[in-house]
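Notes for the structure review
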Amino acid sequence: MLRRAILPAVLAILTIVPAWLGTAGAAKELPLPLDRRENADLRRPVAAVLLDQDETVAVANGRSGSISIVSLVEGKVLRETNIAKELGGLASLADGKTLLATDPLRHELLILRRDTNAALQIVARQATSRHPRTVATTADGRWAAIAAQWAHRVDLFDLTSARTIPETGELPRRTIDLPFAPLELLWLPTGRHLLAADTFSARIAVIDAESARVASVRELSGHNIRGMALDATGQNVYIAHQVLDEWATINWQTVHSGTLMSNVASRVAVAQLLEGKGSLDDVAEQVRLSDTGHGGGDPAGLLVKADGSIAACLAGTSEVILVNRFGVLTQRYNAGPRPTQILPLRDGKSLVVNRNGDSLTLIDWTRDVPAATLSLGPQRPLKSADRGELLFYDSRLSHDGWLSCHSCHTDGHTNGLRADTQGDGTNGAPKRILGLGHVAFTDKWAWNGQVQELYDQVRKSLLTSMLSDDVREQDINDLVAFLQTLLPPPPSRPSEAEAADRAAIARGREVFLGHQCQGCHVPPLTYTASDVYDVGLQDENGRRKFNPPSLRGVGHARRLFHDNRAESLEDVFQGHGHPSDTTLSDKELADLVRFLRSL
Ligand code: HEC
Ligand code: HEC
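About the thresholds
- Residues numbered from 1 in each chain as written.
- Chains lettered and ligands numbered in written order.
- Predicted model: local features only at pLDDT ≥ 70, side-chain atom pairs only at ≥ 80, totals over all residues.
- Heavy atoms only, no water.
- Helix = DSSP H or I, 4+ residues; strand = E, 2+ residues; numbered from the N terminus.
- Rg over C-alpha atoms; globule rule 2.2 N^0.38 Å.
- Buried < 20%, exposed > 50% of the residue type's maximum accessible area, 1.4 Å probe, protein only.
- Contact = heavy atoms within 4.5 Å.
- Lys, Arg positive; Asp, Glu negative; His and termini not counted.
- Charge placed at Lys NZ, Arg CZ, Asp CG, Glu CD.
- Polar contact = N/O pair within 3.5 Å; in protein donor to acceptor, adjacent residues only side chain to side chain.
- Arc of directions from axis to C-beta.
- Near = heavy atom within 4 Å.
- Nonpolar A, V, L, I, M, F, W, Y, C, P; charged D, E, K, R; others polar.
- Salt bridge = Lys/Arg side-chain N within 4 Å of Asp/Glu carboxyl O.
- Domains from an automatic or database assignment.
- Buried area = accessible area lost by both parts, 1.4 Å probe.
- Donors = N, O, S within 2.8 Å, 3.2 Å for Na, K, Ca; no water.
- Pairing = 2+ DSSP bridges.
- Axes fitted to C-alpha atoms, helices over the stretch in contact; angles between N-to-C directions.
- Parallel < 35°, antiparallel > 145°, perpendicular 65-115°, else oblique.

**Let's talk about the overall build of the chain**
In terms of helices and strands, the chain carries ten helices and 31 strands. In terms of overall dimensions, the chain is globule-like: its C-alpha atoms have a radius of gyration of 24 Å, near the 25 Å expected for 599 residues. Taken along the three principal axes of its C-alpha coordinates, the chain extends 65 × 55 × 50 Å. Counting every position in the chain, which comprises 599 residues, the buried fraction comes to 57%. Sequence separation of at least 24 residues holds for 53% of the intrachain contacts in the chain that already meet a minimum separation of 6. Separation between the mean location of the 64 positive side-chain charges and that of the 71 negative ones in the chain comes to 3 Å.

Below, the structure is given as structure tokens:
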């Protein structure tokens with residue numbers, strides 16, 4: 001216990017300044033100088049847009065914070081410009097000269113101009129809600145929508161004045177609160193309705209831009225939506241996601257047949273999305289993106305061709321596939337590592353963005369192999385943690401490629417579902433998938449707190465959660481090195497500027513300390529402990545002792561406890577009297593929950 005208390009404190013002071021604390025409110029800077037980046041860090045492209053009648057593509061590199069302008073005619077990078085420390089997303093306006101990029105660390109929308117030399121300049125910066133990622137514009141150029149992921153918001157900028165985007169001053173912005181952390185965005189052909197999908201579950205908010213309201217929140221059974229596309233008629237939306245059977249025991253049969261985890265595109269009529277309510281399961285039609293023997297893990301970017309066939313990126317197996325309109329998989333191509341976006345070109349070919357390969361793949365559907373692969377530039381040699389990252393997103397580590405670590409531990413967090421990984425050796429008692437932020441410091445591991453070394457947990461995950469056919473020591477070490485880099489999500493509600501809000505958080509901290517919560521949820525780093533405790537909750541097999549989960553980022557959790565029995569943070573205390581017969585006044589509860597949401 002002593003070690004736990006001291007180590008986190010020291011680390012918190014010395015090293016852990018999470019990147020997301022960022023530099024909000026920093027003074028405006030002049031555009032950074034142009035740079036060819038001969039010895040670049042890893043780029044990790046997050047979004048690309050086509051320009052100049054598809055002769056050029058602009059690629060936003062998430063990790064290096066640069067934008068590459070690539071000539072598809074010459075097949076080479078014309079120029080790479082440093083824009084920010086990191087980039088979250090990219091979109092363009094119809095003039096082909098104006099680009100919009102998000103800066104997730106400074107919480108800004110960057111408006112860029114491109115001249116004929118492929119040079120880019122930042123002409124304006126607009127403040128956004130916290131942690132902006134994806135940006136999507138309407139075809140008529142009126143709206144730019146931004147998914148502010150950890151703020152659980154979508155920002156809408158009215159660009160009607162875009163031709164004269166103010167170099168100083170603010171564009172009109174509306175902010176829409178969502179019940180989840182949005183990531184993928186898609187404008188519907190109406191030009192006023194926007195779909196915003198949760199990063200983790202398969203919930204989709206339908207937003208009406210005119211009234212800046214959430215018209216409805218719809219849900220599919222599933223998780224990890226990583227692609228949404230309209231078909232050529234504009235009447236149907238295809239949604240790429242996964243489906244996990246929480247009750248399936250993980251064995252050869254359930255993995256091999258896709259019963260445990262399936263990888264699909266769900267088709268939903270736009271009219272249904274606009275008019276209906278509630279679950280989408282009854283109105284959605286599923287197209288399978290996997291074959292028995294070939295699992296197609298982690299489907300991502302989609303493209304629906306004029307003949308109704310679907311081109312899909314399989315980020316987990318680093319492939320691109322074509323499924324015809326009868327649902328038959330007809331073509332399969334090897335792309336670069338982790339393809340996440342696919343763009344249609346006028347000549348019928350398609351361009352694929354390989355996020356973990358720092359490259360683009362050109363697909364000519366009339367040929368059997370990719371027409372070309374284009375590197376975004378030289379990479380430094382990969383370190384162990386970089387290799388671990390590639391493995392984390394690689395479903396080929398699992399039996400037949402059905403699922404990766406990311407399929408369950410979404411982007412290092414959790415998809416919020418339960419899985420029967422038999423972590424305690426029993427089955428029939430599926431446990432909530434744990435988020436992996438700060439996992440290096442949350443020993444001991446697993447809900448039953450019995451795993452002493454992270455190495456052993458990763459080895460076990462490969463063997464029992466993924467039925468890996470070939471577990472190599474080097475891969476385990478690389479995965480551990482990657483896990484050591486993971487941070488918890490920033491708080492869903494950091495403290496606000498208002499004194500009243502800070503006071504509520506301070507009172508909540510007093511409630512926390514007054515009820516001895518810190519005995520099992522040790523501050524200040526992880527808010528967990530290495531021991532196991534019986535807090536009166538029993539699993540299906542009668543086990544009662546569990547390791548407390550970290551409370552960092554707990555405000556993002558949809559459901560809580562080992563079996564997701566609590567519906568909200570309030571329910572943990574009010575409905576379940578956690579940790580034992582705790583009674584709190586309404587005011588204490590409100591303050592405690594406010595405090596927990598600030599972690
Ligand atoms: C099928 C879903 C699934 C997949 C795939 C999966 N995990 Fe997990 N993971 C879980 C569940 C469920 C738990 C909790 C199990 C328990 O303790 O009973 C867990 C627990 C963990 C833990 C312990 C966390 C803690 O704080 O105690 C680590 C570390 C981990 N997984 C890493 C990985 C890695 C690395 C991979 C890929 C090699 C992976 N997992 C693949 C579902 C999954
Ligand atoms: C005796 C140890 C102990 C004490 C004291 C304790 N907890 Fe816990 N806490 C746990 C354990 C163990 C779990 C997991 C239980 C389960 O899921 O079955 C847990 C779960 C939680 C969860 C749900 C987290 C999640 O991700 O599912 C929250 C929130 C929480 N505790 C907050 C608190 C607060 C606030 C207090 C003080 C009022 C408190 N705990 C006191 C041991 C404790």
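**So, the side chain of His 399**
Looking at the secondary structure, you find His 399 in the loop between α4 (384–392) and α5 (405–408). Separated by 3.4 Å, the side chains of His 399 and Trp 252 make a polar contact. If we skip the residues at most four places from it in the chain, His 399 touches Trp 252, Val 255, His 256, Met 466, Leu 467 and Asp 469.

**Thoughts on helix α6 (residues 454–465)**
Among all positions of α6, only Leu 454, Gln 457, Val 458, Leu 462 and Ser 465 are buried. Within α6, the buried residues cover an arc of 135° as seen down the axis, which keeps them to one side. For α6, the secondary structure elements touched by its buried residues are α7 (473–483). One or two steps after α6, the chain reaches Leu 467, where phi turns positive at roughly 45°.

**Comments concerning unusual backbone geometry**
The omega torsion across Pro 523 and Pro 524 is 0°, close enough to zero to call that bond cis. Following the sequence through the fold, Pro 524 ends up in the loop between α8 (499–514) and β30 (533–534). In the segment running from His 578 into Pro 579, the intervening peptide bond is cis, with an omega of 0°. When you line up the elements, Pro 579 lands in the loop between α9 (569–574) and α10 (586–597). In this structure, Asp 52 is a non-glycine residue whose phi angle is positive, near 50°. Its identity is not glycine, yet Asn 224 carries a phi of approximately 55°, on the positive side.

**Here's the deal with the site of ligand 2**
Ligand 2 sits among 23 residues. The nearest are Cys 517, Cys 520, His 521, His 562 and His 578. His 521 is positioned with one of its side-chain polar atoms (N or O) 2.8 Å from a nitrogen atom of ligand 2. One nitrogen or oxygen atom from the side chain of His 578 is found 2.7 Å from a nitrogen atom belonging to ligand 2. Of the residues contributing to the shell around ligand 2, the split by class is 17 nonpolar, five polar and one charged.

**Focus: the pattern of salt bridges**
Opposite charge on two side chains lets them pair, provided their charged atoms get close. Evaluated as defined, the whole model comprises 37 salt bridges. The closest approach of N and O atoms between Asp 41 and Arg 380, which form a salt bridge, is 2.8 Å. Of this pair, Asp 41 sits in the loop between α1 (2–14) and β1 (45–51) while Arg 380 sits in the loop between β27 (372–375) and α4; the two residues are 339 residues apart in sequence, bridging distant segments of the chain. Residue classification places Arg 380 among the buried positions, given a relative accessible area of 18%.

**Description of the environment of Asp 140**
In this structure, Asp 140 sits in the loop between β9 (132–137) and β10 (143–148). A sequence separation of 54 residues divides Asp 140 from Glu 86, and the C-alpha atoms of the two residues are 28 Å apart. At 2.7 Å, the side chain of Asp 140 and the side chain of Thr 138 are in polar contact. Of note is the side chain of Asp 140, whose polar atom sits 2.8 Å from the backbone nitrogen of Arg 142.

**Structural notes on the domain arrangement of the chain**
Taken domain by domain, the chain comprises domain 1 (384–483) and domain 2 (499–597). In this structure, domain 1 and domain 2 have C-alpha centres spaced 25 Å apart. With 21 residues of domain 1 at the contact, the number on the domain 2 side is 21 residues. Carbon and sulfur atoms supply 52% of the area buried between domain 1 and domain 2, which totals about 1,600 Å² over both sides. There are two salt bridges connecting domain 1 and domain 2. A salt bridge links Asp 424 to Arg 543; its shortest N-O distance comes to 3.7 Å. Linking domain 1 with domain 2 are seven residue pairs in polar contact (both at pLDDT 80 or more). Residues that form the side of domain 1 that touches domain 2 fall into these classes: seven nonpolar, eight polar and six charged.

**Structural notes on the coordination of the iron atom of ligand 1**
Among protein atoms, the single one acting as a donor to the iron atom of ligand 1 is His 409 (NE2), 2.1 Å away. Tracing the chain through its elements places His 409 in the loop between α5 and β28 (418–419).

**Considerations on the sheet that holds strand β8 (residues 120–127)**
Ordered in space as β5-β6-β7-β8, the four strands form an open sheet in which the pairing is antiparallel. With one partner strand each, in any of the chains shown, β5 (89–92) and β8 form the two edges of the open sheet. Neighbouring strand axes in the sheet, compared pairwise and without regard to direction, differ in orientation by 25° on average. Two elements, β5 and strand β6 (residues 98–103), share four bridges in a ladder whose sense is antiparallel. Each residue of the ladder has a partner; that of Leu 90, found in β6, is Ala 101.

**Observations regarding the packing of α4 against α7**
Viewed as axis vectors pointing N to C, α4 and α7 meet at an angle of 100°, and their least axial separation amounts to 7 Å. Of the possible angle classes, the one that applies to α4 and α7 is roughly perpendicular. Contacts between α4 and α7 involve Ser 384, Ala 385, Arg 387, Gly 388, Glu 389, Leu 391 and Phe 392 from the former and Gln 474, Asp 475, Asn 477, Asp 478, Leu 479, Ala 481, Phe 482 and Leu 483 from the latter.

**Points about the pairing of strand β14 (residues 193–198)**
Most of β14 is tucked away, with six of its six residues classed as buried. Two elements, strand β13 (residues 182–187) and β14, share four bridges in a ladder whose sense is antiparallel. Considered in β14, the bridge of Trp 187 is made with Leu 194. Turn length for the β13-β14 hairpin, with the two strands adjacent in sequence and antiparallel, is five residues, and the turn residue Gly 191 shows positive phi of about 80°. Between β14 and strand β15 (residues 201–208), which pair antiparallel one after the other, the connecting turn spans two residues.

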